[in-house]
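Letter by letter, the chains look like this.
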Amino acid sequence: ISGRAQKPGSVALLRTTRFLRGALGAVQIGLATVIVIGAGGLLRSLHEATGDALGFDPANVLTVQVGLASSPFSTPAERAGRVALVTERLEAVPGVFSVAAAGSLPFEERLGPAEILVRGEDDGHQTLSATVNVRAVSPAYFYTLRQRLSEGRWFRPEDDETSAPVAMISSTAARALFADPPRSPVGEAIAVGADVPVGDELTLPKDAPAWKTVVGVVRDEWGDSEARASEAVVYVPIAQAVPEEVHLVVRVDGDPLEAGSRIRTALGEMESGWKAGVVVPLNDRVQDAYSGERFGAVLAAAFAALALVISLVGLFGVLAHAATTRVREWGLRRAVGATDGEIRGSVVARGAALAVVGVILGGVSAGLFAEGLDAVFAGVGLRTPIVYAGTVTLLTAAVLMASAWPARRSVAVDVVSALRAD
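The shown structure was predicted, so the numbers you read here are calculated from the model rather than taken from an experiment. Here the residue numbering is sequential within each chain, running from 1 through the sequence in written order. Whole-chain, interface and lining totals are the exception, using all residues; otherwise, since this is a predicted model, local features are given only for residues with pLDDT of at least 70 and side-chain atom pairs are given and counted only at 80 or more. Derived side-chain values reflect all non-hydrogen atoms in the structure, with water molecules and hydrogen atoms excluded from consideration.

Our focus in this paragraph is the overall build of the chain. Runs of E in the DSSP output that reach at least two residues are strands. Runs of H or I that reach at least four are helices, and both are numbered from the N terminus. Per the secondary structure count, the chain includes 12 helices and 12 strands. Long-range pairs, those at least 24 residues apart, make up 81% of the contacts in the chain with a sequence separation of at least 6. Of the roughly 21,100 Å² that the chain leaves accessible, carbon and sulfur atoms contribute 60%. Only heavy atoms matter for contacts: two residues are in contact if any of them lie within 4.5 Å across the pair. Only the protein chains shown count as cover for residues, and the accessible areas themselves come from Shrake-Rupley with a 1.4 Å probe.

Looking now at the pattern of salt bridges. A side-chain nitrogen of Lys or Arg and a carboxyl oxygen of Asp or Glu constitute a salt bridge if their distance falls within 4 Å. For the coordinates displayed, the defined rule picks out 6 salt bridges. A salt bridge links aspartate 57 to arginine 251; the nearest nitrogen and oxygen atoms lie 3.9 Å apart. Of this pair, aspartate 57 sits in the loop between α1 (8–49) and β1 (61–67) while arginine 251 sits in strand β10 (residues 245–252), placing them 194 residues apart in sequence. On the accessibility criterion, aspartate 57 (26% relative accessible area) is partly exposed. For arginine 153, the salt bridge goes to aspartate 159, with nearest N and O atoms at 3.1 Å. Exposure classes here rest on a 1.4 Å probe applied to the protein chains alone. A residue is buried below 20% of its type maximum, exposed above 50%, and partly exposed in between. Overall, aspartate 159 belongs to the buried group, its relative accessible area being 7%. Salt bridges here are not isolated pairs; linked through shared partners, they connect Asp57, Arg146 and Arg251.

This paragraph deals with the pairing of strand β7 (residues 189–192). Regular strands place their side chains on alternate faces of the sheet. Side chains Ala189 and Ala191 of β7 all project onto a buried face; the interleaved residues Ile190 and Val192 project onto the opposite face, where all are buried too. With 3 bridges joining them, strand β3 (residues 114–119) and β7 adopt antiparallel strand pairing. Each residue of the ladder has a partner; that of valine 118, found in β7, is isoleucine 190. A pair of strands is considered paired only if DSSP assigns at least 2 bridges between the two. Pairing between β7 and strand β8 (residues 212–218): 2 bridges, direction antiparallel. When the sheet's bridge partners are listed, isoleucine 190 is paired in β8 with lysine 212.

Chain-level statistics for the chain give a pLDDT mean of 75 and a share of 68% at 70 or above. Below a pLDDT of 50 lies the segment residues 1–5, which in the model reaches 6 contacts outside its immediate sequence neighbourhood of four places, other chains included. A residue's pLDDT is simply how confident the predictor is in it, with values from 0 to 100.

Turning to the side chain of serine 104, a few remarks are in order. Inspection of the secondary structure assignment puts serine 104 in the loop between β2 (96–102) and β3. Reaching out from serine 104, the side chain makes a polar contact with the side chain of arginine 135 at a distance of 3.0 Å. Polar contacts here mean pairs of N or O atoms no more than 3.5 Å apart (in protein, one a potential hydrogen donor and the other a potential acceptor; neighbouring residues in sequence count only if both atoms are side-chain atoms).

Right, let's get into unusual backbone geometry. Within the chain, asparagine 60 stands out as a residue other than glycine whose phi angle is a positive 60 degrees. Note that asparagine 60 resides in the loop between α1 and β1.

In this scheme, patches are assembled from residues that exceed 30% relative accessible area and form no salt bridge. Like charges are connected within 9 Å, while nonpolar side chains (Val, Leu, Ile, Met, Phe, Trp, Tyr) are connected within 5 Å. A surface patch of nonpolar side chains, amounting to about 520 Å² of accessible area, comprises Phe295, Leu299, Phe303, Leu306 and Ile310. Residue placement: leucine 306 occurs in helix α7 (residues 291–325). The partly exposed category is assigned to leucine 306, whose relative accessible area is 48%.

Aromatic rings from Phe, Tyr and Trp, with only the six-membered ring used for Trp, were paired whenever their centres fell within 6.5 Å, and each pair was classed as stacked if the ring planes differed by under 30 degrees, edge-to-face if by over 60, and tilted otherwise. One pass over the full model with this rule turns up 6 aromatic pairs. When the ring of tyrosine 141 is compared with that of phenylalanine 142, the centres are 5.4 Å apart and the planes differ by 85 degrees; the resulting orientation is edge-to-face. Take tyrosine 141 and phenylalanine 142: they sit in the same class, and that class is buried. Through a chain of ring-to-ring contacts, three or more aromatic side chains come together here, namely Tyr141, Phe142, Trp154, Phe155 and Tyr235.

What follows deals with the nonpolar core. Core analysis: the largest hydrophobic core is formed by 37 residues, its most contacted members being Leu90, Ile169, Ile190, Val234, Leu248 and Ile263. In contact with valine 234, not counting residues within four places along its chain, are Ile116, Val132, Asn133, Val134, Arg135, Ala167, Met168, Ile169, Ile190 and Val192. Counting residues in hydrophobic clusters, the runner-up holds 24 residues, among them Leu54, Phe56, Val61 and Ala100. Take the buried residues of types Ala, Val, Leu, Ile, Met, Phe, Trp, Tyr and Cys, join any two whose side-chain atoms come within 4.5 Å, and each joined set is a nonpolar core.

What follows covers the environment of alanine 304. Mapped onto the fold, alanine 304 is located in helix α7. Overall, the relative accessible area of 7% leaves alanine 304 in the buried class. Along the primary structure alanine 304 and glycine 38 are separated by 266 residues, whereas in three dimensions their C-alpha atoms are 8.3 Å apart. In contact with alanine 304, other than residues within four places in its own chain, are Ile35, Val36 and Ala39.

Given below as structure tokens:
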């Protein structure tokens, strides 16, 4: 076989160059792995937070804000009567499944959280002080949003201004308020908001009307997910604490747009003296609440895609260079009986080896620096197996694509021409 022999120094330089190119390709894939894992963890956390982690079902739920601060509804009793009337009217609208009222909604920007006291065993002594969000709701609120009862009972229509003050609390509030010593919240007494003393005065008489009996515990409005921590919420019957503005929560059957049009018509037919806002799907409020997380996820995905493209370009360059510099080697192998499949396989195997090294480096780095990466990627969990499995699958497919042309190029050269090449 003819051809000029290469000098030992040239062979060593060629091997060193080939090694450095391969190492650079592996490092690029490793960096892409870290970024893809971070973006994948963020997307998974966002999907979880807006899906199963929600403690309520926002699908087919419409909301509309109603103002009750005008003169015809100056007293709590007048406002409570108005809420009952509006609820009754909307329940008669075709396509409406259930209607509820609430002083505020999940994810809505609210006033500052309220202080809360838990009554102790001794007269007039507080056992714990904490901060919670207080929400006045009608008895149908939990049914309309399909929240789950963990313990106790729901609010009832008879829980009004003439009955004993009661409250329900979220699971997070139950853990925060009744963990030391651990006990059931049902039957315990709490005082919230304006009824709680301030300053150094941290006691209330045991028979003070400010105490509310906890009658039930409901699932958190959203789970304690990696994207957003759950909040402690105390619910009070809206008939016992009617706000000046309420949100009507309407679950509908069928097309929400058609139902929304009928709801607007029904609200417009009621007498003046109050103000109704725009009908907004609750799903839109949920999406708006996670707009920041969603922007971060899109940005992270864009960086991951860019890093993946750069790493694949580097890998393609390594393999394409090999397809050019190893022409004589492949010519010799084909001359002694190697098949095209074996030649192509050697190219793909080199790309796979570099990808494996890069993925291992990136995976180990992501695992070692998971805490720091969690902070960069908005507190997502990067040790989730599904994120790693998805990253490996994505990179495997990408490596096969990047190896396709060099592998095809390796068998496209005539054997005689390859043997004559320098």
